[in-house]
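# What the coordinates show
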Amino acid sequence: MTARLVALAGPLCGEAFPIEGPEWVVGRDPANPLSIPDRLMSRRHCAVTLVNNRYHLRDLGSSNGTFVNGIPVEERVLEHGDRIRAGDSVLLFLTAEPVAAPPVVPDADGAIDDRTTRVGETLRAAARRRGVPDSAGDILAEVLAGRVTLQAHDMVGDSPAMRAVYGRIRKLAPSDCTVLIGGETGTGKELAARAIHQNSHRARRPFVAINCAALTESLLESELFGHERGAFTGAHSLKKGRFEIADGGTVFLDEIGELAAPLQSKLLRVLQHHEFERVGGTRTVRVDVRVITATNRDLAAEVAAGRFRQDLWYRLNVVNLTMPPLRDRRQDIPSLAAHFAAKYARGRSVELSADALQALDAHDWPGNVRELENAIERAVVLGSSDRITAEDLPDMLIEPAAETDSGTGAAFHEGVREEKRRLIREAIDRSGGNYAAAARLLGLNPTYLHRLLKTLQIKDVAARR
């Protein structure tokens, strides 16, 4: 059996490496069979070994962990198409030769679409121009043309909602079309933008991100387009903007709905003609960039209200991608929680208890994945052991405060809380007031039960320790 790793991200992006020998070590050490100058990688980070005709991946006690398809692992049997992440590097594991191009077939309307074949040839040519070896260029073409499962991304989850996202990214990545990513705050819109970039022919060029809501209009203009020396007080030298820095790569503009009207006009020119002038300058600067934008606003409504240019919206919304809220992908919560626990444990082995997972599953997650990450980071930092329990989680995850507004939503949540109060009182009565026994009846950690008593404001129960 022959196998190889293809670097999809990191310092060696675009290169392919055949796996040879009984143990193939990956890490920063120059003596390793695969030495990668990745600052977040340990000297001996992980190893691939061949056992009984199967390739095994083993973490070698690395500082930042080894991940396969987004899940932290200590040892795992590798399958064709698995994505290995170590530090900032992403390696695609392949055991078969690059497959032949699929047959050209009619689409749903009966038309013949040979775009996949054209994309493959385009990517091979782009890889050659950028100095990527032919073998790696062929493999990258296979990956980015969609004939190998999308791999180069840092998103975690295998729910139907996320599989749909991966499929959409796989279709969008090979082209240079502008993409508008929608979704609630904290759903991972920048990760999706990075995945589009990492799976495109621009992957070896810069990915530059900027939040349009984080800076004032004048500062944002200078950040995006740069400025000439003397353009304003304090402009002591020429400064290149993000568009120039990203030449050949991708610019990601988050919260695009916050862009001021004058900057909307300037961005429209970049999209139409790939050119602009620096602040205080008259010389036209030309760039080759792909633009990906994101918003949690309804831009169509912003256009109707006159706050966003319609022509710019048409240019940005060539194709779109919507990131699902966490409440619509609850089956991903355990793997996401494990991913964040490994991330913040920094080499320690941290697991989540059943009551912690129960609390995570019951929460509505208005802050989505970002809120979950913050909760797990807090639990890892403040926890007293290598096991995260419900008592380590923020109080709001144990039981949210009562709704202050009226309506069916408030009535529903109050009904759920009242049913929880009834079950807890009943368990305490059945156990003769023994909290530990009541917790066992409910299948809860005793400490978790005490927190529920407090947050649900259950005071009319007799307790016997």
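The present account deals with the structure reproduced in this document.

Turning our eyes to something else, we now look at the overall build of the chain. Tallying secondary structure elements over the chain gives 16 helices and 20 strands in all. Out of the 465 residues belonging to the chain, those deemed buried represent 48%. Pairs at least 24 apart in sequence give 62% of the contacts found in the chain among residues at least 6 apart.

Looking now at the sheet that holds strand β10 (residues 83–86). An order of β2-β1-β11-β10-β7-β8 is seen for the six strands of this open sheet, with the pairing classed as antiparallel. Edge positions in the sheet fall to β2 (16–18) and β8 (71–73), since each of these pairs with one other strand and no more. For this sheet, the mean angle separating the axes of adjacent strands, direction not counted, is 30°. As paired strands, β10 and strand β11 (residues 89–94) are joined by four bridges and run antiparallel to one another. Its bridge partner being in β11, alanine 86 is matched across the sheet by serine 89. Where helix α10 (residues 333–345) meets the sheet, its contacts fall on β7 (66–68), β8 and β10, and the angle it forms with β8 comes to roughly 55°.

Counting residues in each nonpolar core, the largest one holds 38 residues, and the members touching the most others are Leu360, Leu372, Ile376, Ile388, Leu393 and Ile424. Looking at this core, the elements that each hand over two or more residues are α10, α11 (354–362), α12 (368–382), α14 (408–430), α15 (435–442) and α16 (446–455). Ranked by the residues each element gives to this core, the list is headed by α10, at seven residues. Once residues lying within four places of it in the same chain are set aside, the contact partners of isoleucine 388 are Ala341, Val350, Glu351, Leu352, Ser353, Ala356, Ile376, Ala379, Val380 and Leu393. Residues Phe225, Val251, Ile256 and Phe308 belong to the second largest nonpolar core, which totals 29 residues.

Relative to the assigned elements, histidine 227 resides in the loop between α5 (217–225) and α6 (242–245). A sequence separation of 50 residues divides histidine 227 from glutamate 277, and the C-alpha atoms of the two residues are 8.5 Å apart. When near neighbours in sequence (up to four residues on either side) are disregarded, histidine 227 contacts Ser222, Phe232, Ala235, Ser237, Leu238, Lys239, Arg278 and Val279. Engagement of the side chain of histidine 227 in a polar contact is seen with the side chain of serine 222, the distance being 2.8 Å.

The five strands lie next to each other as β13-β14-β17-β12-β18, forming an open sheet whose pairing is parallel. Whereas interior strands pair on both sides, the edge strands pair on one side only; in this sheet they are β13 (207–211) and β18 (319–322). Direction aside, neighbouring strands of the sheet carry axes that sit 20° apart on average.

This paragraph deals with the packing of α5 against helix α7 (residues 261–273). Here α5 crosses α7 at 15°, and the two axes come no closer than 10 Å. Compared by their axis directions, α5 and α7 come out roughly parallel. The two elements α5 and α7 meet at a crossing, and its hand is left-handed. Of the residues in α7, those in contact with Glu217, Leu220, Glu221 and Phe225 of α5 are Pro262, Leu263, Lys266, Leu267 and Val270.

Glancing now at the pairing of strand β17 (residues 290–295). Counting buried positions along β17 gives six out of six residues, so the element sits mostly inside the fold. Of the two faces of β17, both are covered, the one formed by Arg290, Ile292 and Ala294 as well as the one formed by Val291, Thr293 and Thr295. Pairing of strand β12 (residues 179–182) with β17, which is carried by four bridges, proceeds in the parallel orientation. The residue of β17 that forms the bridge with glycine 182 is threonine 295. In terms of strand pairing, strand β14 (residues 250–254) meets β17 through four bridges, oriented parallel. Among the inter-strand pairings, leucine 253 is bridged to a residue of β17, identified as threonine 293.

The subject of this paragraph is the pattern of salt bridges. Scanning the entire structure with this criterion turns up 29 salt bridges. Among the salt bridges present, the one from aspartate 29 reaches arginine 43, with a minimum N-O distance of 3.6 Å. Remark: arginine 43 occurs in the loop between β4 (34–35) and β5 (46–51) and aspartate 29 occurs in the loop between β3 (23–27) and β4; sequence separation between them is 14 residues. Aspartate 29 sits in the buried class, given a relative accessible area of 18%. Here arginine 43 falls in the partly exposed class, since its relative accessible area comes to 46%. The salt bridge involving glutamate 302 is made with arginine 307; its shortest N-O contact spans 3.0 Å.

With that out of the way, let us pick up α15. All of the buried residues in α15 are Tyr435, Ala437, Ala438 and Ala439. Residue asparagine 434 occupies the N-cap position of α15, its side-chain oxygen lying 3.0 Å from the main-chain nitrogen of alanine 436. One or two positions beyond α15, positive phi appears at glycine 443, with a value near 75°.

A ring pair, where both rings are aromatic, is described by two values, the distance of the centres and the angle of the planes. By the definition in use, this model includes six aromatic pairs. Their ring planes at 20° and their centres at 6.2 Å tell us that phenylalanine 207 and phenylalanine 252 sit as a pair that is stacked. Within this pair, whereas phenylalanine 207 is found in strand β13, its partner phenylalanine 252 is found in strand β14, the two being separated by 45 residues in sequence. Overall, phenylalanine 207 belongs to the buried group, its relative accessible area being 15%. Centre to centre, the rings of phenylalanine 225 and phenylalanine 243 are 5.5 Å apart; their planes meet at 5°, and the pair counts as stacked. Placement of the pair is phenylalanine 225 in helix α5 and phenylalanine 243 in helix α6, with a sequence separation of 18 residues. Of the two residues examined, phenylalanine 225 and phenylalanine 243, each falls in the buried class. Of the aromatic side chains, those joined through ring pairs into one cluster are Phe225, Phe243 and Phe276.

Rules used throughout
- Residues numbered from 1 in each chain as written.
- Predicted model: local features only at pLDDT ≥ 70, side-chain atom pairs only at ≥ 80, totals over all residues.
- Heavy atoms only, no water.
- Helix = DSSP H or I, 4+ residues; strand = E, 2+ residues; numbered from the N terminus.
- Buried < 20%, exposed > 50% of the residue type's maximum accessible area, 1.4 Å probe, protein only.
- Contact = heavy atoms within 4.5 Å.
- Pairing = 2+ DSSP bridges.
- Axes fitted to C-alpha atoms, helices over the stretch in contact; angles between N-to-C directions.
- Core = buried A, V, L, I, M, F, W, Y, C linked by side-chain atoms within 4.5 Å.
- Polar contact = N/O pair within 3.5 Å; in protein donor to acceptor, adjacent residues only side chain to side chain.
- Parallel < 35°, antiparallel > 145°, perpendicular 65-115°, else oblique.
- Left-handed = near helix turned anticlockwise from the far one by under 90°.
- Salt bridge = Lys/Arg side-chain N within 4 Å of Asp/Glu carboxyl O.
- Phe/Tyr/Trp six-rings, centres within 6.5 Å; stacked < 30°, edge-to-face > 60°.

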